[in-house]
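Summary of the model geometry
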Amino acid sequence: MTATYTYPKYAYRRPPELDGPSARRGVVVVGAGPVGLAAAIDLAQRGVPVLVLDDDDTVSVGSRAICYSKRTLEILDRLGCGEPVAGKGVGWKVGKVYQGSELAYQFDLLPESGHRRPAFVNLQQYYFEEALVNRARALPALEIRWRHKVTHVAPAADGATLRVATDDGEYALACDWLVVCDGARSPIRRLLGLDFEGQVFRDRFLIVDIRMAADHPAERRFWFDPPFHPNQSVLLHRQPDDVWRVDFQLGWDADPEAEKQPERILPRLTAMLGPDAHFEIEWASVYTFQCRRMQRFRHGRLVFAGDAAHLVSPFGARGANSGIQDADNLGWKLSLVVAGRAPEALLDTYDAERVAAADENLRNSTRSTDFITPKSAVSRTFRDAVLALARRHPFARRLVNSGRLSVPAVLADSPLNTPDAASFAGAMVPGTVAADAPVTGACGPWLLDYLGGGFVLLVFGEGVDAAAARALCAAPVPCRVVQVGGAGGADREVIGDAEGLVAARYDGRPGTCYLVRPDQHVCARWRAFDAAAVRAALARATCRPPET
Amino acid sequence: MATLVTDPNIAAPDDFYEALIEAHRGLTDAQSALVNAKLVLLLANHIGDAGVLQAALAAAREDVASA
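In this report, the structure presented in the accompanying data block is examined.

Definitions and limits used
Residues numbered from 1 in each chain as written. Chains lettered and ligands numbered in written order. Predicted model: local features only at pLDDT ≥ 70, side-chain atom pairs only at ≥ 80, totals over all residues. Heavy atoms only, no water. Helix = DSSP H or I, 4+ residues; strand = E, 2+ residues; numbered from the N terminus. Rg over C-alpha atoms; globule rule 2.2 N^0.38 Å. Buried < 20%, exposed > 50% of the residue type's maximum accessible area, 1.4 Å probe, protein only. Contact = heavy atoms within 4.5 Å. Areas by Shrake-Rupley, 256 points an atom, 1.4 Å probe, with all protein chains shown as cover. Salt bridge = Lys/Arg side-chain N within 4 Å of Asp/Glu carboxyl O. Axes fitted to C-alpha atoms, helices over the stretch in contact; angles between N-to-C directions. Left-handed = near helix turned anticlockwise from the far one by under 90°. Nonpolar A, V, L, I, M, F, W, Y, C, P; charged D, E, K, R; others polar. Pairing = 2+ DSSP bridges. Expected span 1.5 Å × (residues − 1). Core = buried A, V, L, I, M, F, W, Y, C linked by side-chain atoms within 4.5 Å. Domains from an automatic or database assignment. Polar contact = N/O pair within 3.5 Å; in protein donor to acceptor, adjacent residues only side chain to side chain.

What follows is about the overall build of chain A. When its secondary structure is counted, chain A shows 14 helices and 26 strands. On C-alpha atoms alone, chain A measures out to a radius of gyration of 24 Å, which is about the 24 Å that the 2.2 N^0.38 rule sets for 548 residues. In terms of its C-alpha atoms, chain A occupies a principal-axis envelope of roughly 75 × 65 × 40 Å. Split into buried and exposed, the 548 residues of chain A put 58% on the buried side. Excluding contacts between residues fewer than 6 apart, the proportion of contacts in chain A whose partners are at least 24 apart in sequence is 71%. Entry remark: accessible area of chain A is about 21,400 Å², with carbon and sulfur atoms responsible for 52%.

Laid out in C-alpha cells, this is it:
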C-alpha cells in the first residue's frame, strides 16, 4: 500500500453460469491490465460485445510502468480516456545523461510544437489502469469479471473453451475468439506450452518510489557511474503526487530480498539525495529482465498481446507502450473479422505487423541494455570511450544509449500498404502513424480528432465530389472523407489547417489524398483522387479481394 | 559506394606508427585500451560509410578465431 494512493476494490459477482446454462461468447479478453483493457475498450467502442476476465479485483499493485508515450496518449484519446491520463500525468520531453557527475549530453524527444500530446507523461500504472477501468465501465458492450481466473484453455478451430475458477466454484465458457493479455508470466501461454524465445539478462535493478517535495524539473535523468552509486547506473523520473522513481542498477550478485529492505535502500537514497533530503519510501521492488517474444502472436482463434507476447528491458519504455499499440492494431481488425466484413487473414497481419514492431523494440532494448550493462571488459571500455568523447564531440552523443525511448512502430513492410506511385516529401510514408497537427473544425482542435475509428480519406481541397464521397461512406468497409480547406456538404467533415502544419507534415497540395486506417496509420496516398484506386487500397488494407 | 582502402594510403607510414605508439606512452593497459577505443570511434565517425566500416570490421577480425 502507498501513502498517496488508495486502491479501488472492484466487486466480484457470482457468474450466472454457475446457476444455469453458459452462453457462448464472441470475444473474451483475459487480463484487465493496460493492454487487455485497451483491447476490450476498442472492441466495445466498435460495437463488439466483450467479456474481460481478471484473476484480481484491483489495479496494478505498485507503480510499475510509469512512462507513457505520446502515441499511447493518442490511442487513449481515441479510446475516450486520454484526458484523465494526460491530465494527471507529468509531461516531459527532455532527457539528461550524466557520466559521473558531469552532464554528457541531453536530448529533446519532441522539439516541435503543434501536437496535442507531449512526448511522454509519467504516471503510476495504477492511475493508468483506473482511468481505463472507468472508461470500460461506461461501455454497455463491455463486461469485466473480477476474481475470475482462467484455469484451462482448450483451443478449437472455431474458438476456445475455458474453465474459469471463482470463489463460488468453476464454470465452463466457450468463445469464438480469445484475446490473451495475461502479462509477462502469461499463465495461458504456459498452459498451452507455447514457445517464448529470447535472452535473460544477468543483472538486477532496484526500483524505489519515494515521496519527496522537490522542484527539479520534469526531465528524465540518467547517470552512468555516478559518485553516489559507483560503477552502476541510476535513473530518475518524476511522477505525480510528489513521487519520484529511482532505479538503481545493482549487479547480478545482489541479494534481491535483502536489497528490498529499507535499511539497505535508505543509505543509497541518502548518498544520492544528500543527508538533508526529506523523503518517504512508497514502494520498492528488485527486478531482473528478459528480452524475448513468442514466435507467433496469433494461434488460430487465440491472439496474444502485450507482455504475454513479448518482453523487453525497461530502458526505453517499450513494454506497456508497445502493448497498447498491439491493442490499437488488433481492435479494428478483429471487429471487421467478427462482423464478417474481412477475412480471418486480416488477423495474420496483426501478427506480421506487431511481430515486426516487437522485433524493433527488442533490438532497441537489447542495444540499450548492452550499453548500460556491458557484458565484457572491451564492451565496457567502448562504453566509457563513448561517454568520454560525448563531452566534447557531438558525434559521440548519438552513440550514448541510456534507452531509446518508445516511438510508434512504422509498419513500412506491411502487406496492407499500397506502395506510393507519386513522390512525397516528409515522414508520412505508408505504415506511419498519422502525425497530429492543430486544426479548426466541429469535432475538435487536433487533426487526430478526425482520424481513426473507421477508415478516413484525408483530402486536401475539394477534389472529391459528393457522389464519390457518398459511395465511400456506403462501401462494405466504409470510409469517411475528411477535407482540409474549401467548402463541403453533409457527406464529409471539413477542417481548417490552423497553422499550415497539416499541409507541411503531409506534403499536402490541392488534390493530395491520404488513406488512413482505423488505427490512424497511413496505408496509401495519391496526388489526385481516383475512386478506383481508393477502393483497391481499401480492399488491400482489409485483405479482401479487389473488386472486379 | 566507397570501398575499404587497403593499399598504402599514409604518406609517411613510419611517422604515423611512431605517433601511434607515442600516444600510449605512460599509460596503463586499461588506459591504453580506452585510448584505442576512442581512436576507433573517432576514425569510424570520420569514415561514416557503413559499407567501409563493415569491411574494416571484417578485415580486423580476419584470422582471429573465437577463443
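Our focus in this paragraph is the pattern of salt bridges. All names here are of chain A. In this structure the tally under the stated criterion is 51 salt bridges over all chains. Between R25 and E143 there is a salt bridge, with the nearest N and O atoms lying 3.5 Å from each other. Of this pair, R25 sits in strand β1 (residues 25–30) while E143 sits in strand β8 (residues 142–146), placing them 118 residues apart in sequence. Classification of R25 by relative accessible area gives partly exposed; the value is 22%. A single salt-bridge network, built from bridges that share partners, covers D42, R46, K70, R71, E74, R78 and D328.

Looking now at the packing of helix α10 (residues 377–390) of chain A against helix α2 (residues 29–47) of chain B. With their axes 8 Å apart at the nearest point, α10(A) and α2(B) run at an angle of 65° to one another. Considering the relative orientation of α10(A) and α2(B), their crossing is right-handed. Contact residues: α10(A) offers A:T381, A:F382, A:D384, A:A385, A:V386, A:A388 and A:L389, while α2(B) offers B:A33, B:L34, B:A37, B:K38, B:V40, B:L41 and B:L42. Here the residues of the contact of α10(A) with α2(B) are counted per class, giving eleven nonpolar, one polar and two charged.

All names here are of chain A. Reading across the sheet, the seven strands line up as β6-β5-β14-β15-β16-β13-β17 and stay open at both edges, with mixed pairing between neighbours. Each edge of the open sheet carries a strand with a single partner, namely β6 (102–108) and β17 (280–287). This sheet shows a mean twist of 15° between the axes of neighbouring strands, independent of strand direction. Taken together, the six bridges between strand β15 (residues 233–239) and strand β16 (residues 243–249) define a ladder with antiparallel strand orientation. Across the sheet, the residue bridging to H237 is R245, located in β16. Docked against the sheet, helix α7 (residues 262–273) engages β13 (205–211), β14 (220–224), β15, β16 and β17, running at close to 70° with respect to β13. Helix-sheet contacts for α10 involve β5 (94–99), β6 and β14, and the interaxial angle to β5 is about 110°.

For the rest of this paragraph, the subject is helix α4 (residues 125–137) of chain A. The end-to-end C-alpha distance of α4(A), which contains 13 residues, comes to 18 Å, matching closely the 18 Å that a straight helix rising 1.5 Å per residue would cover. Buried within α4(A) we find A:Q125, A:Y126, A:Y127, A:F128, A:E129, A:A131, A:L132, A:V133 and A:A136.

Residues and elements named next belong to chain A. With 101 residues, the main nonpolar core has L162, L178, L457 and L515 as its most contacted residues. The residues that make up this core include at least three from each of domain 1 (16–89 + 115–193 + 292–366) and domain 2 (410–548). Apart from the residues within four sequence positions on either side, L162 is in contact with V28, L53, V150, H152, V153, Y171, A172, L173 and L178. The next biggest cluster of nonpolar side chains, apart from the first, holds 36 residues, and it includes C67, W92, F107 and F120.

Looking now at the sheet that holds strand β3 (residues 67–69) of chain A. Residue and element names in this part refer to chain A. Strand order across the open sheet formed by three strands is β3-β7-β4, with antiparallel pairing between neighbours. Each of the sheet's edge strands pairs with one partner strand only, and the pair in question is β3 and β4 (90–92). For this sheet the average axis-to-axis angle between neighbouring strands, irrespective of direction, equals 30°. The pairing of β3 with strand β7 (residues 120–122) spans three bridges and is antiparallel. Residue pairing for β7: Y68 is matched across the bridge by V121. Sheet strands in contact with helix α2 (residues 70–78) are β3 and β7, and its direction is about 70° off that of β3.

Bringing unusual backbone geometry into the picture now. Residues and elements named next belong to chain A. At D225, a residue that is not glycine, the phi angle is positive and equals roughly 55°. Summarising the element assignment, D225 is placed in the loop between β14 and β15. One non-glycine residue with positive phi stands out, namely D242, at about 60°. When its relative accessible area of 37% is taken as the criterion, D242 is described as partly exposed.

On to the pairing of β14(A), then. Residue and element names in this part refer to chain A. The buried fraction of β14 amounts to five of the five residues, a majority that puts the element mostly inside the structure. Across the two faces of β14 the burial is the same, with R220, F222 and F224 and R221 and W223 all buried. Direction of pairing for β5 relative to β14: parallel, over a ladder of five bridges. Note on β14: the bridge partner recorded for Q99 is F224. Sheet topology note: the β14/β15 ladder contains four bridges and is antiparallel. Paired with W223 across the bridge in β15 is V234.

Let us look at the side chain of A:R145. All names here are of chain A. Assignment of secondary structure puts R145 in strand β8. Assessed through its relative accessible area of 5%, R145 is described here as buried. Of note is the side chain of R145, whose polar atom sits 2.9 Å from the side chain of E143. Those residues in contact with R145 that lie beyond four places of it in its chain are P15, P16, E17, R25, L51, V52, L53, D54 and Y171.

Structural measurements only, silent on function.
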